[in-house]
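In case you want the letters, here they are:
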Amino acid sequence: MTGRQAAGPSRKRRAATTTRPGESRAARLITDGLDPKTWIIADTLLIGWHTGRLAGIGWGLVGCLFAAGIPLAFIKYGIRRGRWADRHVGQRRQRIIVMAFIIASVATGTALLWAFGAPRTMIALIAAMLSTLAALLAVTPAWKISVHAAVSSGSVAMLALTYGPWALLAYPVVAVVGWSRVELKDHTLGQVLVGAAVGGAVAAGTFALVR
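These lines cover the structure that appears in this document, whether it is placed above or below. As the structure is a prediction and not an experimental result, all values here were calculated from the model.

### Some details on helix H6 (residues 147–163)
Structurally, the α-helix is built with 3.6 residues per turn, so residues lying three or four positions apart point the same way.
(1) Moving on: Counted at 1.5 Å a residue, the expected span for H6 with its 17 residues is 24 Å, and the 24 Å between its end C-alpha atoms agrees.
(2) Moving on: Here H6 lies mainly inside the structure; 15 of its 17 residues are buried.
(3) Moving on: Its side-chain oxygen placed 3.1 Å from the backbone nitrogen of Ala149, Ser146 serves as the N-cap of H6.
(4) Moving on: Of the residues trailing H6, Gly164 is marked for its positive phi of about 115 degrees.

Shown next as structure tokens:
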């Protein structure tokens, strides 16, 4: 058997593990496709464009590096080392470690944006992500609040503050994300609802105050 032939079944086995036996494939695709990283990238690009067109996107990419890029690399490193099972980091103790690292990364990004004279709106965006993470970390040791719901809700709230109330029409997408977390039994309905409320309130409040 050739190396190419042997690689095929291996790739299929890895792909098959994406969906656990008996779970909803639609819920898994939504959870993976609309994870916090996706919302962070969308916010930094869209709010960056509104703030300063291409220059704003450039600042957004810097913020995205510290809010999504570096944290994702840290999570992938932990998966390879066997420290957590997947990129959603379901166990609360493991989540605390990951969230603490992400807070440090986002705080560094916020400081650098301020030091290099980024537009105030972009500083506010990353600061809102930082405050949301801090609020979630405060709850997580006692209760597994939904990060997916918090980040998606906060993202839509900040887009509404930037582009206008019509952006609130995206909230049904937040509901779909919440459904996927409950359907996969990663969270209860209460954890999703509280996550969405905390994320929306903290992110919008910080963004409006700082900018």
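### Details of the side chain of Thr140
(1) Moving on: Tracing the chain through its elements places Thr140 in the loop between helix H5 (120–139) and H6.
(2) Moving on: In terms of polar contacts, Thr140 uses its side chain to reach the backbone carbonyl oxygen of Leu136, at 2.7 Å.
(3) Moving on: Residue contacts for Thr140: discarding those within four places in its chain leaves Arg92, Arg95, Ile96, Met99 and Ile145.

### Quick notes on empty space enclosed by the protein
(1) Moving on: A complete count under the given rule lists 1 cavity of 30 Å³ or more for this structure.
(2) Moving on: Within this model, the largest cavity holds a volume of roughly 550 Å³.
(3) Moving on: Along its surface, the largest cavity is lined by 32 residues, and Pro36, Lys37, Ile102, Val147 and Val151 are the ones closest to its centre.
(4) Moving on: When contributions to the lining of the largest cavity are tallied by element, the ones reaching two or more residues are helix H3 (36–80), helix H4 (92–115), H5 and H6.
(5) Moving on: The greatest single-element share of the lining of the largest cavity, amounting to 9 residues, is contributed by H3.
(6) Moving on: For the lining of the largest cavity, the per-class residue count stands at 21 nonpolar, 5 polar and 6 charged.

### Some details on the pattern of salt bridges
(1) Moving on: Scanning the entire structure with this criterion turns up 4 salt bridges.
(2) Moving on: Of the charged contacts in the structure, one is a salt bridge between Glu23 and Arg28, with a shortest N-O distance of 3.0 Å. We note that Glu23, like Arg28, is buried.
(3) Moving on: Close ionic contact of Arg181 with Asp186 constitutes a salt bridge, the shortest N to O distance being 3.0 Å.
(4) Moving on: The buried category is assigned to Arg181, whose relative accessible area is 1%.
(5) Moving on: For Asp186, a relative accessible area of 15% translates into the label buried.
(6) Moving on: Via salt bridges that share partners, Glu23, Arg28 and Asp32 belong to a single interconnected network.

### Looking at the side chain of His187
(1) Moving on: By the secondary structure assignment, His187 is in the loop between helix H7 (171–183) and helix H8 (189–210).
(2) Moving on: Overall, His187 belongs to the buried group, its relative accessible area being 5%.
(3) Moving on: A polar contact is formed between the side chain of His187 and the side chain of Gln191, at a distance of 3.3 Å.
(4) Moving on: With sequence-adjacent residues up to four places away left out, His187 is seen in contact with Arg95, Lys144, Ile145, Ser146, Val147, Arg181, Val182 and Val192.

Basis of the calculations
- Residues numbered from 1 in each chain as written.
- Predicted model: local features only at pLDDT ≥ 70, side-chain atom pairs only at ≥ 80, totals over all residues.
- Heavy atoms only, no water.
- Helix = DSSP H or I, 4+ residues; strand = E, 2+ residues; numbered from the N terminus.
- Expected span 1.5 Å × (residues − 1).
- Buried < 20%, exposed > 50% of the residue type's maximum accessible area, 1.4 Å probe, protein only.
- Polar contact = N/O pair within 3.5 Å; in protein donor to acceptor, adjacent residues only side chain to side chain.
- Contact = heavy atoms within 4.5 Å.
- 1 Å grid on protein atoms, 1.4 Å probe; cavity = no way out; pocket = protein on both sides within 12 Å on 5 of 7 lines; lining within 4 Å.
- Points joined across faces, edges and corners; volume = space filled by probe spheres on them.
- Nonpolar A, V, L, I, M, F, W, Y, C, P; charged D, E, K, R; others polar.
- Salt bridge = Lys/Arg side-chain N within 4 Å of Asp/Glu carboxyl O.

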